[in-house]
Amino acid sequence: MPIWFGGDYNPEQWPSDVWAEDVTLMQRAGVTMATVGVFSWAKLEPREGEFEFGWLDEVLDGLHAGGIRVDLATATASPPPWLTHAYPEVLPVTAEGVTLGGGSRQQYSPSSPVYRRFATRLVRQLAERYGEHPALEMWHIGNEYGCHVSHDYSDVAAAAFRLWLQEKYGDIGALNFAWGTGFWSQQYADFEEIYPPRAAPTYLNPTQLLDFDRFSSRQLLECYLDEKRILRELTPQIPVTTNFMGFFKGADYWEWAPHVDIVSNDNYPDPADPESSQTAAMVCDLMRSLGGGAPWILMEQATSAVNWRTSNAPKRPHHMRAGSYQAVARGADGILFFQWRQSVAGAEKFHSALLPHAGPQTRVFREVEELGAELAGLGEVLGSRLTAHVAIVFDWASWWSLEQEATPADIDYVKHVFSWYRELLRRNVAVDFVKPGASVDGYKAVLVPALFAASTSDLAVLSDYAEHGGNLLVTFQSGITDENLHITEGGYLGSLQKTLGITVEEFAPLASADPNAPVESVIEGEISGSVAVWREYLHADDAQILASFVDDLAGWPAITRRQTAEGTAWYVGTWPSAAVIESIVGALLETAGVDGVLDPVPGLEAVRRGELVFALNHGWSPVELSLSGTDILSPGGAGGAGGAEGTKHALEAQGVAIVVPAAEVAG
Ligand code: GAL
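Residues numbered from 1 in each chain as written. Predicted model: local features only at pLDDT ≥ 70, side-chain atom pairs only at ≥ 80, totals over all residues. Heavy atoms only, no water.

## What to know about the overall build of the chain
Now for step 1: Assigned secondary structure in the chain consists of 18 helices and 27 strands.
Now for step 2: Over its C-alpha atoms the chain spans a radius of gyration of 26 Å, differing by no more than 12% from the 26 Å that the globule rule assigns to 667 residues.
Now for step 3: In terms of its C-alpha atoms, the chain occupies a principal-axis envelope of roughly 75 × 75 × 45 Å.
Now for step 4: In the chain, of all internal contacts separated by at least 6 residues, the share reaching a separation of at least 24 is 72%.
Now for step 5: As presented, the chain carries roughly 25400 Å² of accessible surface, and 52% of it is formed by carbon and sulfur atoms.
Now for step 6: If you average the places of the 43 positive and of the 85 negative side-chain charges in the chain, the two averages end up 4 Å apart. (Helix = DSSP H or I, 4+ residues; strand = E, 2+ residues; numbered from the N terminus. Rg over C-alpha atoms; globule rule 2.2 N^0.38 Å. Contact = heavy atoms within 4.5 Å. Areas by Shrake-Rupley, 256 points an atom, 1.4 Å probe, with all protein chains shown as cover. Lys, Arg positive; Asp, Glu negative; His and termini not counted. Charge placed at Lys NZ, Arg CZ, Asp CG, Glu CD.)

In structure tokens, the structure reads:
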């Protein structure tokens, strides 16, 4: 098996005489896998119940003859016009009551039994026809579930929501308690009275909103599972996947991940964003973690510009290569793109592709060919894993609830998580993400940013960890409510109060009249520097104070640390600047005995996957790489780590070295 290389192939956009050239050029580019048919429903079933597979037979046969494997899509991502015309009840509806029409894509309600019936009928046809096709490598179910429509407020969704709630709560009394409907005259007498949280005069019930987020993620998953059941029945030997979208708010991927045979992901970092390589690293680590450390596939990325930002910067030369190797370094066994040939019509004609409008004599195609050739020689990476000693707890329910309205402050959950992740990345420390409640035994340090809505058992796992030798760091707005968004009274934090040795009395966010000019404040002590967004009135009942607030909160603790029975428990009651986070993480890692793969060098990322150390220069000027060993991308050559004896070498702008460390070479 090779490292998969290729991308979405949508041949129905061109006359069939282009297809043979496609295969020839794919071979030239080193393409090993094509994702076929993602948006082909209207071509496969042009009229209700009339299936036309001849063209797809020809495409798959051609790819097979060219030695290219196929990730065959179930084609259900965009229902054809005849369907929404004849059955308009499948269309999704917004919270404001606007019905979303056709002429675009993803125009279906995930709860619609009509959509599901037609979708599964198509899937059965595809599985029966192509289940034994020699080109078939895996199934690609749907596409980016929820990307455009994650929440549907239609009557069909309302009916499904009621059933889901009935199953969850059993009787209406339990729902009334969970939702706190005693307030604002919201008490329900019957499940029939409940609606999705549609546009309302003011704040909606927070637990209703949270349950609707859970339900909406689940409905999308049910669409996926309906299709998967058929594929399992007819082609049990073929693996299935669906492409995730990184930190996508609409779907709780912890719930989804056990249902895919291999995790795959789409990632489109903005080339104009100086932090894009860092946020992309975090996405890669989430994907690896979702699969429990198993290799995953980068299913879609862009060779150069996308077409959906306000202004779409291209990727400069070698940027695409560095981003691809970053994914490989962080566990990917496949590097694919959207899409093979750049469209000449339709909504994505200005989106880059492997084969640009200008043809193969282009710098993009040359870079594609080079990368394809290189990846073909990297078989030894396949299947190898990373070892992380640090974990970050990431929780969709906390994300959903922390970012609701009528909360103490506007906190961007993912940005907050990233503020901690970025420092670990800077130090070249590998990180796993874990879901709340999962065991964290074995990690030397665990960070818990803003775990807002946590059950008693989620918190108990963390308390146990810190008491039994772990090093736990918790940040503000953790343990504020239980899983139903009921406040944990008496100082918040539940069992973590004792573990951390603190109680939180009152919140004191740093309010600013101008959102573009956030107010900053300062902390002083063993750790000093600037902070923003959040402060609080905190009591260090049984903990050491590492830093305190100044100004109007003078004397109140900001950062604490408690020596537990066998470990340590740290609390950070503010959103520190990068410099302050650097000090805190430095102290935490020293206590935990965790070192990075390499000492930090600005712009340089180093990751160990299996025995290999990947060094990636994300900057636009050369950096010095201190690592002895052999660079398997250019043994002894320029731009790498030189020969086994070498120690210091320049890594050019966007350069990549994959180094067998000297010890391994010798051994
Ligand atoms: C993804 C989608 C692709 C294509 C791509 C463009 O969201 O799955 O079909 O639209 O974005 O960046």
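There's plenty left to go through after this.
## Quick word on the sheet that holds strand 6 (residues 243–244)
Now for step 1: As summarised here, the arrangement of the nine strands in space is 5-4-3-2-1-9-8-7-6, forming an open sheet in which the pairing is parallel. Two strands lie at the open edges of the sheet, namely strand 5 (240–241) and strand 6, each paired on one side alone.
Now for step 2: With three bridges connecting them, strand 8 (residues 296–300) and strand 9 (residues 332–337) associate as parallel partners. Along strand 9, the bridge assignment pairs Ile-297 with Gly-334. (Pairing = 2+ DSSP bridges.)

## With respect to the environment of Gly-170
Now for step 1: Relative to the assigned elements, Gly-170 resides in the loop between helix 6 (155–169) and helix 7 (172–179).
Now for step 2: We classify Gly-170 as exposed; its relative accessible area is 51%.
Now for step 3: A sequence separation of 73 residues divides Gly-170 from Asn-243, and the C-alpha atoms of the two residues are 34 Å apart.
Now for step 4: Non-local contacts of Gly-170, meaning those with residues more than four positions away in its chain, are made with Leu-165 and Phe-191. (Buried < 20%, exposed > 50% of the residue type's maximum accessible area, 1.4 Å probe, protein only.)

## Observations regarding the pairing of strand 10 (residues 390–393)
Now for step 1: Of the two faces of strand 10, the one carrying Val-390 and Ile-392 and the one carrying Ala-391 and Val-393 are both buried.
Now for step 2: Inspection of the sheet shows strand 10 paired to strand 11 (residues 431–434) by four bridges, in the parallel sense. Bridge assignment links Ala-391 to a residue of strand 11, and that residue is Asp-432.
Now for step 3: As defined by bridge partners, strand 10 adjoins strand 12 (residues 445–448) across three bridges and the pair is classed as parallel.

## Overview of the pairing of strand 4 (residues 136–140)
The side chains of a regular strand alternate between the sheet's two faces.
Now for step 1: Most of strand 4 is tucked away, with four of its five residues classed as buried.
Now for step 2: Inspection of the sheet shows strand 3 (residues 69–73) paired to strand 4 by four bridges, in the parallel sense. Directly across from Asp-71, in strand 4, lies its bridge partner Met-138.
Now for step 3: For strand 4 and strand 5, the ladder comprises two bridges, and the chain directions are parallel. From the neighbouring strand, His-140 faces strand 5, where its bridge partner is Thr-241.

## Let's talk about the domain arrangement of the chain
Now for step 1: Structurally, the chain comprises domain 1 (4–148 + 241–381), domain 2 (390–592) and domain 3 (604–661).
Now for step 2: A C-alpha centroid distance of 36 Å is found between domain 2 and domain 3. (Domains from an automatic or database assignment.)

## Quick notes on the side chain of Arg-535
Now for step 1: The topology assignment puts Arg-535 in the loop between strand 16 (529–532) and strand 17 (536–539).
Now for step 2: A relative accessible area of 6% places Arg-535 in the buried class.
Now for step 3: Ignoring any residue separated from it by four or fewer positions in sequence, one finds Arg-535 in contact with Phe-507, Ala-508, Pro-509, Leu-510, Ser-521, Phe-549, Val-550, Asp-552, Leu-553, Gly-573 and Thr-574.

## Quick notes on the site of the ligand
Now for step 1: Taken together, the residues surrounding the ligand are Phe-39, Arg-105, Asn-143, Glu-144, Asp-266, Tyr-268, Glu-300, Trp-308, Phe-338, Glu-348 and His-351.
Now for step 2: For the ligand, an oxygen atom lies 2.9 Å from a polar atom in the side chain of Asn-143.
Now for step 3: The separation between an oxygen atom of the ligand and a polar side-chain atom of Glu-300 is 2.8 Å.
Now for step 4: In terms of residue class, the shell around the ligand is built from four nonpolar, two polar and five charged. (Near = heavy atom within 4 Å. Polar contact = N/O pair within 3.5 Å; in protein donor to acceptor, adjacent residues only side chain to side chain. Nonpolar A, V, L, I, M, F, W, Y, C, P; charged D, E, K, R; others polar.)

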